[in-house]
Amino acid sequence: MTLTETEAEKTVGEVLREGIGFLEKHGMESARVLGERLLEGLLDCSRHELYLEGGRILPRETVETYFACLERRARGVPCQYILGKAHFMDFVFRVTPCVLIPRPETEFLVEKILEEAGMKSFEKGGPEILDVGTGSGNIAVSLAAYLPQAAISAVDISEEALEIARENARRIGRRGDARNAAATGIEFLKSDLFDRLPRTKRFDMIVSNPPYLSGEEMRNLPPEVSREPALALFGGERGTELIERLAAGAGDFLKPGGILFFEIGYEQGDMTRRLLRELGWREVEVFRDYCGRDRVVRAADFRSTACGTD
Ligand SMILES: C[S@@+](CC[C@H](N)C(=O)[O-])C[C@H]1O[C@@H](n2cnc3c(N)ncnc32)[C@H](O)[C@@H]1O
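Source: prediction; values computed, not measured.

Focus: helix α11 (residues 241–249)
Link 1 in the chain: Residues Leu242, Ile243, Leu246, Ala247 and Gly249 constitute the buried set of α11.
Link 2 in the chain: Residues of α11 that are buried sit in contact with β5 (128–132), β8 (203–208), β9 (254–263) and α12 (269–278).

Written out as C-alpha cells, the structure reads:
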C-alpha cells in the first residue's frame with residue numbers, strides 16, 4: 001500500500017477501515033480482528049480506544065508503518081512477529097522469529113502448574129522448577145512473576161531463544177513488576193534437554209511445552225505457523241520424540257515425589273499416558289483444555305514413597 005501526498009493525513013477510523021479492506025481484498029480470514037490488532041499494537045492502545053479515538057489524526061509515519069505492517073501480514077507474517085510482541089498470561093513478551101509465539105493452550109499448562117504449587121509446601125519456601133524448552137521464556141517468566149518464592153531454571157537448545165528469554169525476564173521481572181526486573185533470578189542454560197544440568201541437581205517440578213508436531217503435520221503447516229522455528233515445532237517424524245526423551249530423562253532430575261508437567265498435542269493423550277505408565281511414572285493424569293481436548297500431562301516421580309492413585 002502506498003500513500004499519495006493528499007492521502008497522508010488520515011484519522012484512526014479511516015486508517016482502520018482501509019486496513020481491514022486491504023486485508024479482505026487479500027482474502028485474509030478475520031480481516032477485522034487482524035486490522036485492529038495491528039493498529040492496537042502500533043498505537044499501544046486497546047481495541048475500544050481505536051473506536052473512541054476514531055477521529056484522531058495520525059502522523060504520516062504511523063500511517064506508513066501501519067500500511068507496511070498490513071502488507072507483511074498479507075504475505076503471511078504473524079501479527080506477533082510484525083509487532084515484536086505477544087500477550088501471555090498477564091504479560092507482554094518480546095518475540096522474534098527465533099521463538100515460538102506463546103499460545104493460549106500453554107496458559108492452561110501454567111494454570112495447572114500454579115494449582116499444584118499452591119497445594120503444597122516446599123523445603124525452601126517455594127518450589128524449585130525447571131522449564132525445558134523455554135523459548136521466549138513465557139512459562140518460566142510467568143511462574144517467576146506469580147511465585148515469588150520459587151527458584152526457577154530454564155533450558156533451551158537454541159541460544160537465540162535464550163537471548164529473548166533473558167530479555168523478557170529482565171523486562172517483566174518478579175511479580176510482573178519491571179522495577180524488580182533485575183531480580184527474577186531465573187537461571188538460563190543452553191542445553192539439549194537435561195544434558196548440561198549438574199547431575200546432582202533436583203527439582204520439585206519439571207515443566208515443558210516440548211515440540212510435538214509430526215512430520216506429516218510439519219508438511220501441512222498453515223502459512224503463519226511455517227514462519228515459526230522448526231526447532232520449536234517438530235517433535236520427530238511421529239511427533240513424540242521429545243516427549244519420549246523428556247519422560248525418560250526427567251525422573252533423574254526430580255526430587256522424590258516431584259512432578260512432571262508438560263503440554264501435548266490433542267491426539268497424543270493416550271500414547272503419552274501409556275508411555276509414562278510403562279516408564280513407571282505414577283499418578284499419570286491427562287487434563288483437557290478449555291476446548292475439551294487432551295492438552296496437559298501431569299505425572300509423579302516413580303521413586304515417590306507416597307501412594308499413587310493409579
Ligand atoms: C514448543 S516450543 C515452546 C516454547 C515456549 N516454552 C512456549 O511455551 O511457547 C519448544 C522449545 O523447545 C526448544 N527445544 C527443542 N528441542 C530442544 C532440546 N532438545 N532441548 C532443549 N530445548 C529444545 C525449542 O528451541 C523451543 O524453544
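Some points on the domain arrangement of the protein
Link 1 in the chain: Partitioning the protein into structural domains gives domain 1 (10–75) and domain 2 (97–300).
Link 2 in the chain: The gap between the C-alpha centroids of domain 1 and domain 2 is 35 Å.

Thoughts on the site of the ligand
Link 1 in the chain: Close to the ligand lie 20 residues; Gly133, Asp156, Asp192, Leu193 and Ala232 are nearest.
Link 2 in the chain: At 2.8 Å from a nitrogen atom of the ligand is found a side-chain nitrogen or oxygen belonging to aspartate 192.
Link 3 in the chain: One nitrogen or oxygen atom from the main chain of leucine 193 is found 2.8 Å from a nitrogen atom belonging to the ligand.
Link 4 in the chain: Against a free-state accessible area of 590 Å², the protein chains account for coverage of 96% of the ligand.
Link 5 in the chain: If you list the elements that add at least two residues to the shell around the ligand, you get α7 (138–146), α10 (230–233) and α11.
Link 6 in the chain: Its residues assigned to classes, the shell around the ligand shows 9 nonpolar, 8 polar and 3 charged.

Overview of helix α8 (residues 159–172)
Link 1 in the chain: An ideal rise of 1.5 Å per residue puts 20 Å on 14 residues; α8 measures up with 20 Å between its terminal C-alpha atoms.
Link 2 in the chain: Regarding α8, the residues found buried are Ala161, Leu162, Ile164, Ala165, Asn168, Ala169 and Ile172. Projection of α8 onto a plane perpendicular to its axis shows the buried side chains occupying an angular sector of 160°, all on one side.
Link 3 in the chain: On its buried side, α8 packs onto β4 (91–94), α7, β6 (151–156) and β7 (187–190).
Link 4 in the chain: The N-cap residue of α8 is serine 158: its side-chain oxygen and the backbone nitrogen of glutamate 160 are 3.4 Å apart.
Link 5 in the chain: Just downstream of α8, glycine 173 is the residue with a positive phi angle, here 75°.

Brief notes about the nonpolar core
Link 1 in the chain: Core analysis: the largest hydrophobic core is formed by 33 residues, its most contacted members being Ile113, Leu143, Ile152, Ile186, Met205, Val207 and Phe261.
Link 2 in the chain: Within the residue set of this core, elements represented by two or more residues are β4, α6 (104–119), α7, β6, α8, β8, β9 and β11 (294–300).
Link 3 in the chain: Excluding residues that lie within four positions of it along the chain, isoleucine 113 makes contacts with Ile139, Leu143, Met205, Val207 and Phe261.
Link 4 in the chain: Ile206, Ala250, Ile264 and Leu275 belong to the second-largest nonpolar core, a separate cluster that totals 31 residues.

Overview of the packing of aromatic side chains
Link 1 in the chain: All told, the structure shown has 6 aromatic pairs when counted by the stated rule.
Link 2 in the chain: When the ring of phenylalanine 88 is compared with that of phenylalanine 93, the centres are 6.1 Å apart and the planes differ by 75°; the resulting orientation is edge-to-face. Of the two residues, phenylalanine 88 and phenylalanine 93, both sit in the buried class.
Link 3 in the chain: Between phenylalanine 194 and phenylalanine 253, the aromatic rings sit 5.3 Å apart at their centres with planes inclined by 15°, giving stacked as the arrangement. Of the two residues, phenylalanine 194 is situated in the loop between β7 and β8 and phenylalanine 253 in the loop between α11 and β9; the sequence distance between them amounts to 59 residues.
Link 4 in the chain: Accessibility expressed as a relative area gives 2% for phenylalanine 253, which makes it buried.
Link 5 in the chain: Chaining the aromatic ring pairs together yields one cluster made of Phe88, Phe91, Phe93 and Tyr146.
Link 6 in the chain: Directly above the ring of phenylalanine 287 sits lysine 112, whose terminal nitrogen or CZ lies 4.3 Å from the centroid.
Link 7 in the chain: In this arrangement the basic side chain of arginine 293 is found over the ring face of tyrosine 266, its NZ or CZ atom lying 4.0 Å from the centre.

How each quantity is defined
Residues numbered from 1 in each chain as written. Predicted model: local features only at pLDDT ≥ 70, side-chain atom pairs only at ≥ 80, totals over all residues. Heavy atoms only, no water. Buried < 20%, exposed > 50% of the residue type's maximum accessible area, 1.4 Å probe, protein only. Helix = DSSP H or I, 4+ residues; strand = E, 2+ residues; numbered from the N terminus. Contact = heavy atoms within 4.5 Å. Domains from an automatic or database assignment. Near = heavy atom within 4 Å. Polar contact = N/O pair within 3.5 Å; in protein donor to acceptor, adjacent residues only side chain to side chain. Areas by Shrake-Rupley, 256 points an atom, 1.4 Å probe, with all protein chains shown as cover. Nonpolar A, V, L, I, M, F, W, Y, C, P; charged D, E, K, R; others polar. Expected span 1.5 Å × (residues − 1). Arc of directions from axis to C-beta. Core = buried A, V, L, I, M, F, W, Y, C linked by side-chain atoms within 4.5 Å. Phe/Tyr/Trp six-rings, centres within 6.5 Å; stacked < 30°, edge-to-face > 60°. Lys NZ or Arg CZ within 6 Å of the ring centre and 35° of its normal.

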